[in-house]
Amino acid sequence: MAPAPAPTPSEWSPTPAAPPLEKIEKKKGFLGLFKRESSGTATAVIDQGTGTRPGLLAALANGLLAEYNSGQYGKGRVDERMPSLLMRVDEQADPIDRPLPIVADRIDVQALDRVALPDEQAAPYLATLVATIYGDAEKTFGRDKAKRGYKLVVHQVFGADLSAVSQSDVAGKLPRI
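Residues numbered from 1 in each chain as written. Predicted model: local features only at pLDDT ≥ 70, side-chain atom pairs only at ≥ 80, totals over all residues. Heavy atoms only, no water.

A. Structural view of helix α5 (residues 119-141). A rise of 1.5 Å per residue sets the reference length of α5, with its 23 residues, at 33 Å; its end C-alpha atoms lie 32 Å apart and thus fit the reference within 8%. Looking one or two residues beyond α5, the residue adopting positive phi is Gly142, at roughly 105°. (Helix = DSSP H or I, 4+ residues; strand = E, 2+ residues; numbered from the N terminus. Expected span 1.5 Å × (residues − 1).)

In structure tokens form, the structure reads like this:
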């Protein structure tokens, strides 16, 4: 005997059991205005799975741009057009052999790792880019807000392992926090 076919749901039949809804979190603070959480915008940019020093510094630069322009620090905005930022960095840093791969005004971290620029050239160049972005944020938002955003993004990119930025060629160019 063949098994009976499963009944097909019709328009009038009860709906199948829906999976339970996730618990909705209550807003914290007075009317949800004074909550103390990060914006989470930088994590989408940073989660790119890189391990090279230039890749980590490029992810830091991308994360800083996303964090400072998230609207969390005030109405001002940091210049996020990568070509204009790189022109300003070219005036300060030693030149690099090849241009950085740019996609949608951000540095393409995976392509940067594939291009394999020499670490001695790319790391100080990218450290100068990070310092330029931080300097712009300091002028736009003030020192305290710029520090807060920088610390947040550094923690998201590097976690507890700051060995990539503690070497002498990069440490002197990054902002001191």
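B. Structural context of the pattern of salt bridges. A full pass over the atoms with the stated rule returns six salt bridges. For Glu80, the salt bridge identified is with Arg106, shortest N-O distance 3.0 Å. Here Glu80 is found in the loop between α2 (53-68) and α3 (82-92), whereas its partner Arg106 is found in strand β2 (residues 106-107), with 26 residues between them in sequence. With a relative accessible area of 24%, Glu80 lands in the partly exposed category. Measuring nitrogen to oxygen at the nearest pair gives 2.7 Å for the salt bridge that ties Arg88 to Asp136. Remark: Asp136 occurs in helix α5 and Arg88 occurs in helix α3; sequence separation between them is 48 residues. A residue is classified by how much of its surface remains accessible, and Arg88, at 30% relative accessible area, is partly exposed. Judged by its relative accessible area of 11%, Asp136 falls in the buried class. Salt bridges sharing partners connect three or more residues here, namely Arg77, Glu80 and Arg106. (Salt bridge = Lys/Arg side-chain N within 4 Å of Asp/Glu carboxyl O. Buried < 20%, exposed > 50% of the residue type's maximum accessible area, 1.4 Å probe, protein only.)

C. Focus on the environment of Ile177. Locating Ile177 in the fold gives a position in the segment after α7 (168-171). By relative accessible area, which is 43% here, Ile177 ends up partly exposed. In this structure, the C-alpha to C-alpha distance between Ile177 and Lys147, residues 30 residues apart in sequence, is 6.8 Å.

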